[in-house]
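Here is what each chain is made of, one letter per residue.
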Amino acid sequence: MKVIALGGSVLFGDFDTDTLKKFAEVINQYSGKLAIVVGGGRVARKYIESARSLGADEVTCDMIGIAVTRINASILAVAVENCPVMVPEDFVTAKEILERYGRVIMGGTFPGHTTDAVSALLAEFLKADELLIATSADGVYTKDPRFHRDAEKIEKLTSDELVEIVSVNSTEAGGSSVVDLLASKIIQRSRIRTRIFYGTPENLRKALNGEKIGSIVVS
Ligand code: UTP
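Residues numbered from 1 in each chain as written. Predicted model: local features only at pLDDT ≥ 70, side-chain atom pairs only at ≥ 80, totals over all residues. Heavy atoms only, no water.

Asks: Provide a residue-level description of the sheet that holds strand β4 (residues 130–135), including the pertinent values.
Replies: Taken in spatial order, the 7 strands of this open sheet run β3-β2-β1-β4-β8-β9-β7, and their pairing is mixed. Of all strands in the sheet, those bounded by a partner on one side alone are β3 (103–106) and β7 (156–157). Note: strand β1 (residues 2–6) against strand β2 (residues 34–38), 5 bridges, orientation parallel. Paired with Ile-4 across the two strands is Ile-36, which belongs to β2. Where helix α4 (residues 58–79) meets the sheet, its contacts fall on β1, β2 and β3, and the angle it forms with β2 comes to roughly 135°. (Pairing = 2+ DSSP bridges. Helix = DSSP H or I, 4+ residues; strand = E, 2+ residues; numbered from the N terminus. Contact = heavy atoms within 4.5 Å. Axes fitted to C-alpha atoms, helices over the stretch in contact; angles between N-to-C directions.)

Asks: Run through the pairing of β2, naming residues and quoting values.
Replies: Looking down a regular strand, the side chains alternate between one sheet face and the other. Where burial is concerned, most of β2 is hidden: 5 out of the 5 residues are buried. What you see with β2 is no split at all: Leu-34, Ile-36 and Val-38 on one side and Ala-35 and Val-37 on the other are buried throughout. (Buried < 20%, exposed > 50% of the residue type's maximum accessible area, 1.4 Å probe, protein only.)

Asks: Please set out the nonpolar core residue by residue, giving values where relevant.
Replies: Residues Val-3, Leu-122, Leu-131, Leu-162 and Ile-196 are the most contacted members of the largest nonpolar core, which totals 33 residues. If you list the elements that add at least two residues to this core, you get β1, β2, α5 (91–101), β3, α6 (115–126), β4, α7 (159–171) and α8 (181–190). The greatest single-element share of this core, amounting to 6 residues, is contributed by α6. With sequence-adjacent residues up to four places away left out, Val-3 is seen in contact with Ala-35, Ser-119, Leu-122, Ala-123, Leu-126, Ala-128, Glu-130, Leu-131 and Leu-132. Counting 28 residues, the second largest nonpolar core, distinct from the first, contains Leu-34, Val-38, Leu-132 and Leu-204. (Core = buried A, V, L, I, M, F, W, Y, C linked by side-chain atoms within 4.5 Å.)

Asks: Provide a residue-level description of helix α3 (residues 41–53), including the pertinent values.
Replies: Here α3 spans 19 Å end to end across 13 residues, near enough to the 18 Å set by a 1.5 Å rise per residue. Among all positions of α3, only Gly-41, Ala-44, Ile-48 and Ala-51 are buried. Angularly, the buried residues of α3 cover 75° about the axis, an arc narrow enough to put them on a single face. Looking at the buried side of α3, the elements it contacts are α1 (8–12) and α4. Phi turns positive one or two residues past the end of α3, at Gly-55, with a value near 100°. (Expected span 1.5 Å × (residues − 1). Arc of directions from axis to C-beta.)

Asks: Now, about the site of the ligand: what can you tell me, with residues and values included?
Replies: Gly-40, Asp-62, Phe-110, His-113 and Thr-115 are the nearest of the 20 residues found near the ligand. At 2.9 Å, a side-chain N or O of Arg-45 approaches an oxygen atom of the ligand. Here a nitrogen atom of the ligand and a backbone polar atom of Phe-110 are 2.6 Å apart. Relative to its free-state accessible area of 580 Å², the ligand is covered by the protein chains to the extent of 80%. Among the detected pockets, the ligand sits in the largest pocket. The set of elements that each furnish at least two residues to the shell around the ligand consists of α1, α3, α4 and α6. The element best represented in the shell around the ligand is α4, accounting for 4 residues. Residues belonging to the shell around the ligand are distributed by class as follows: 5 nonpolar, 13 polar and 2 charged. (Near = heavy atom within 4 Å. Polar contact = N/O pair within 3.5 Å; in protein donor to acceptor, adjacent residues only side chain to side chain. Areas by Shrake-Rupley, 256 points an atom, 1.4 Å probe, with all protein chains shown as cover. 1 Å grid on protein atoms, 1.4 Å probe; cavity = no way out; pocket = protein on both sides within 12 Å on 5 of 7 lines; lining within 4 Å. Sits in = over half its atoms within 2 Å of the grid points. Nonpolar A, V, L, I, M, F, W, Y, C, P; charged D, E, K, R; others polar.)

Asks: Tell me about the packing of aromatic side chains, residues and numbers included.
Replies: Across all of its chains, the model carries 1 aromatic pair by this definition. Lying over the aromatic face of Phe-125, Lys-95 brings its terminal NZ or CZ to 5.7 Å of the ring centre. For the cation-ring pair, Arg-146 lies above Phe-147, with the distance from its terminal atom to the ring centre recorded as 5.0 Å. (Phe/Tyr/Trp six-rings, centres within 6.5 Å; stacked < 30°, edge-to-face > 60°. Lys NZ or Arg CZ within 6 Å of the ring centre and 35° of its normal.)

Asks: Any details on the pairing of β3? Residues and values, ideally.
Replies: In β3, alternate side chains face the same way, and those of Arg-103 and Ile-105 on one face and Val-104 and Met-106 on the other are all buried. Sheet analysis places β2 next to β3, joined by 4 bridges and oriented parallel. For Ala-35, the partnering residue across the bridge sits in β3 and is Val-104.

Asks: Tell me about empty space enclosed by the protein, residues and numbers included.
Replies: Counted by the stated rule, this structure contains 1 cavity of 30 Å³ or more. Here the largest cavity is characterised by a volume of approximately 40 Å³. Taken together, Gly-8, Ser-9, Phe-12, Gly-13, Phe-15, Gly-40, Gly-41, Arg-42, Val-43 and Asn-72 make up the full set of residues lining the largest cavity. Secondary-structure elements contributing two or more residues to the lining of the largest cavity are α1 and α3. (Points joined across faces, edges and corners; volume = space filled by probe spheres on them.)

Structure below.
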């Protein structure tokens, strides 16, 4: 079975239901078991900004972000065949739903991390064959390509190399990394085979079919 991390912006940028439908079609056509973790995207960022400007503490902001990820997960679940729309809030329930339906879609869990980390933890818990991270970057680069013109895409890397790259990118001013640091550390500790790729429905189909797109993290 595979776990998919679908960023909120990847799934439906500006409420683009057509893209969401196409992702659902790819999921519906796949015959194996799938667990999907959906992110919060732009809407979550907006809500978090509003809450913060009203004086909310960071845990409260995280809880608001989690609520948005769960709504996004529910909307995808509406379009996926034979999948409960009430999304699970913990991994044990997610596993039960997966066993029963062959599909489970969830959002965030606890404050303090992002859905990247949730997807890595879920892959670890479910002993998934592979974690597929559909994101807004087309793979892992040697350096942050937005700041370094000599950055090169790495097609195959180890989880130790992933942690090293993510650690450097996360500390750079204004930097953000292709996956978050906690997620990369979970991938490292359990040596989860992980493919990171630009999130379109067609690319998800390719990744599910084992085609070589983006970057692959092995052992
Ligand atoms: P995302 O996972 O969407 O964060 O969760 P992100 O990486 O900023 O979003 P993308 O990849 O660009 O779409 C949205 C927010 O919800 C909270 C965090 O505040 C996060 O930034 N969150 C989410 C949690 O606190 N815990 C979770 O398990 C998930």
